[in-house]
Amino acid sequence: MLSRTADHLFWMSRYTERAENTARMLDINYQTALLPQSAAVAQVGLQGLLSISELLQPYMAKHGEITSKEVMEFMVKDEENPSSIISCLRAARENARAVRGTLTTEVWETLNTTWLEVNRMLKAGDFETDPAQFFEWVKFRSHLSRGVTLGTMLQDEAFHFTRLGTFLERADNTARLVDVKFHAVQSDFFGAASEKDQEYDFYHWSAILRSVSGFEVYRKVYRDVIKPERVAELLILRADMPRSLHGSLNEVLSNLSLVSTNPYSETLRRAGKLRADLQFARIDEILATGLHAFLTQFLDRVNELGAHISREFLVPVTT
């Protein structure tokens, strides 16, 4: 398979997944903003939203002041922001167009229709009218794209590179979400004692779980009140949780193994080692040594893995 074709498929799925994850993060911020909270807490939430995507500096350079309206527009509609929803959906569609002959008609039409429809919705003001509904639509289109890919494409190298991009992006985004949200709370509501703080605690952690479609999963697995350490365990170590770090790395390693012809590949070794570290880790050990440090290291390793995938299989990055 041509490395350029693999590159387009890999980034097509990464951008689609990134659009979905951005919608999820914006949705959780929008929902928690409806809860009673001080202006300082709201400001921390908005700053965390930009920090997750490493966009705080470019946002401040453009706007200078953090406000809810401008952050939302920057993350949704700003075409100069490469991680905005509109930019991600455009990039996904452009990558798909470049390899139109490799995709099934259904996959291409799904991505193309998403791009055309999101432009129509933003021009019609649908986002401003009902942000929550708009975010649900973005998530639904991403689900549809994955479902159509799984249901119509031949499970060959093209399919595996598409899946590889999806789950590498998902691992990166879930790690960022957990890191920023745990870091923002710090110790203020971690095992809060007062009734008011316990109530905030519940809504904060349940919002995080809902942002990764994990609320019902948490209830099924733990059958208990929502505790921060269990939220961390679910989103990091549970292999059967679709959006967890462990679950994502299982998929990355599985698809990488299917496209690699060298069993001693450095890329394969790094993916296997990272997956093994998650497979045999315990949440109490991670929390004891520091969750932030663990997730920062994980993000560095995921980025390194992405660079190795690019060098070994995709179009070499020119500097």
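Nothing here was measured: the structure is a model prediction, and the numbers come from that model.

Q: Help me get a handle on empty space enclosed by the protein, residues and values and all.
A: For the structure shown, the criterion picks out 3 cavities of 30 Å³ or more. As a volume, the largest cavity reaches approximately 100 Å³. Along its surface, the largest cavity is lined by M12, S13, T16, E17, L111, S145, R146, T149, T162, R163 and T166. Top element by residues in the lining of the largest cavity is helix α1 (residues 3–33). It accounts for 4 residues. Here the residues of the lining of the largest cavity sort into 2 nonpolar, 6 polar and 3 charged. If you add up the space inside the second largest cavity, you get close to 70 Å³.

Q: So, the packing of aromatic side chains: which residues are in play, and what are the values?
A: A full pass over the atoms with the stated rule returns 9 aromatic pairs. On the basis of an interplanar angle of 75° and a centroid distance of 5.3 Å, the ring pair of Y59 and F74 is categorised as edge-to-face. Note that Y59 is positioned in helix α3 (residues 56–63) and F74 in helix α4 (residues 68–76), a separation of 15 residues in sequence. F74 matches Y59 in its accessibility class, with the two residues each being buried.

Q: Go over the packing of helix α14 (residues 266–279) against helix α16 (residues 291–313), please, and point to the residues and values.
A: A pair of packed helices is characterised by two quantities: the angle between their axes and the separation of those axes. Orientation of α14 relative to α16, taken along the N-to-C sense of each, is 155°, at an axis distance of 9 Å. On the basis of the axis angle, α14 is roughly antiparallel to α16. Every pair of crossing elements has a handedness; the one defined by α14 and α16 is left-handed. Every residue of α16 that contacts α14 at E266, T267, R270, A271, K273, L274, D277 and L278 is listed here: F294, F298, R301, V302, E304, L305, H308, I309, E312 and F313. Residues of the contact of α14 with α16, tallied by class, amount to 9 nonpolar, 2 polar and 7 charged.

Q: Give a description of the pattern of salt bridges that names residues and reports values.
A: Counting across every chain of the model gives 30 salt bridges. Ionic pairing is found between E17 and R146, a salt bridge with its closest N-O pair at 3.1 Å. Highlighted residues: E17 in helix α1 and R146 in helix α8 (residues 131–152), separated in sequence by 129 residues. Comparing E17 with R146 shows no difference in burial state: the two are buried. Members of the salt-bridge network, linked through shared partners, are E17, E20, R24, R146, R170 and R243.

Q: Quick rundown of the nonpolar core? Include the residues and the values.
A: Residues I85, F134, F135, V231, I236, F298 and I309 are the most contacted members of the largest nonpolar core, which totals 80 residues. Looking at this core, the element that brings in the most residues is helix α9 (residues 157–185), giving 10 residues.

Q: How would you explain the environment of R141 if you had to name every residue and give the values?
A: Summarising the element assignment, R141 is placed in helix α8. On the accessibility criterion, R141 (14% relative accessible area) is buried. Taking the C-alpha atoms as reference points, R141 and E94, separated by 47 residues in sequence, lie 16 Å from one another. For R141, the contacting residues outside a window of four places in its chain are T110, T113 and T114. Within the structure, the side chain of R141 is placed 3.1 Å from the backbone oxygen of T110, a separation counted as a polar contact.

Q: How would you sum up the packing of α3 against α4? Please name residues and give values.
A: Relative to each other, α3 and α4 sit at 120°, their axes nearing to 11 Å. Classed by the angle they form, the pair α3 and α4 counts as oblique. The chirality of how α3 crosses α4 is right-handed. Listed contacts from α4 to P58, Y59 and H63 of α3 are E70, V71 and F74. Counted by class, the contact of α3 with α4 contains 4 nonpolar, 1 polar and 1 charged residues.

Thresholds applied
Residues numbered from 1 in each chain as written. Predicted model: local features only at pLDDT ≥ 70, side-chain atom pairs only at ≥ 80, totals over all residues. Heavy atoms only, no water. 1 Å grid on protein atoms, 1.4 Å probe; cavity = no way out; pocket = protein on both sides within 12 Å on 5 of 7 lines; lining within 4 Å. Points joined across faces, edges and corners; volume = space filled by probe spheres on them. Helix = DSSP H or I, 4+ residues; strand = E, 2+ residues; numbered from the N terminus. Nonpolar A, V, L, I, M, F, W, Y, C, P; charged D, E, K, R; others polar. Phe/Tyr/Trp six-rings, centres within 6.5 Å; stacked < 30°, edge-to-face > 60°. Buried < 20%, exposed > 50% of the residue type's maximum accessible area, 1.4 Å probe, protein only. Axes fitted to C-alpha atoms, helices over the stretch in contact; angles between N-to-C directions. Parallel < 35°, antiparallel > 145°, perpendicular 65-115°, else oblique. Left-handed = near helix turned anticlockwise from the far one by under 90°. Contact = heavy atoms within 4.5 Å. Salt bridge = Lys/Arg side-chain N within 4 Å of Asp/Glu carboxyl O. Core = buried A, V, L, I, M, F, W, Y, C linked by side-chain atoms within 4.5 Å. Polar contact = N/O pair within 3.5 Å; in protein donor to acceptor, adjacent residues only side chain to side chain.

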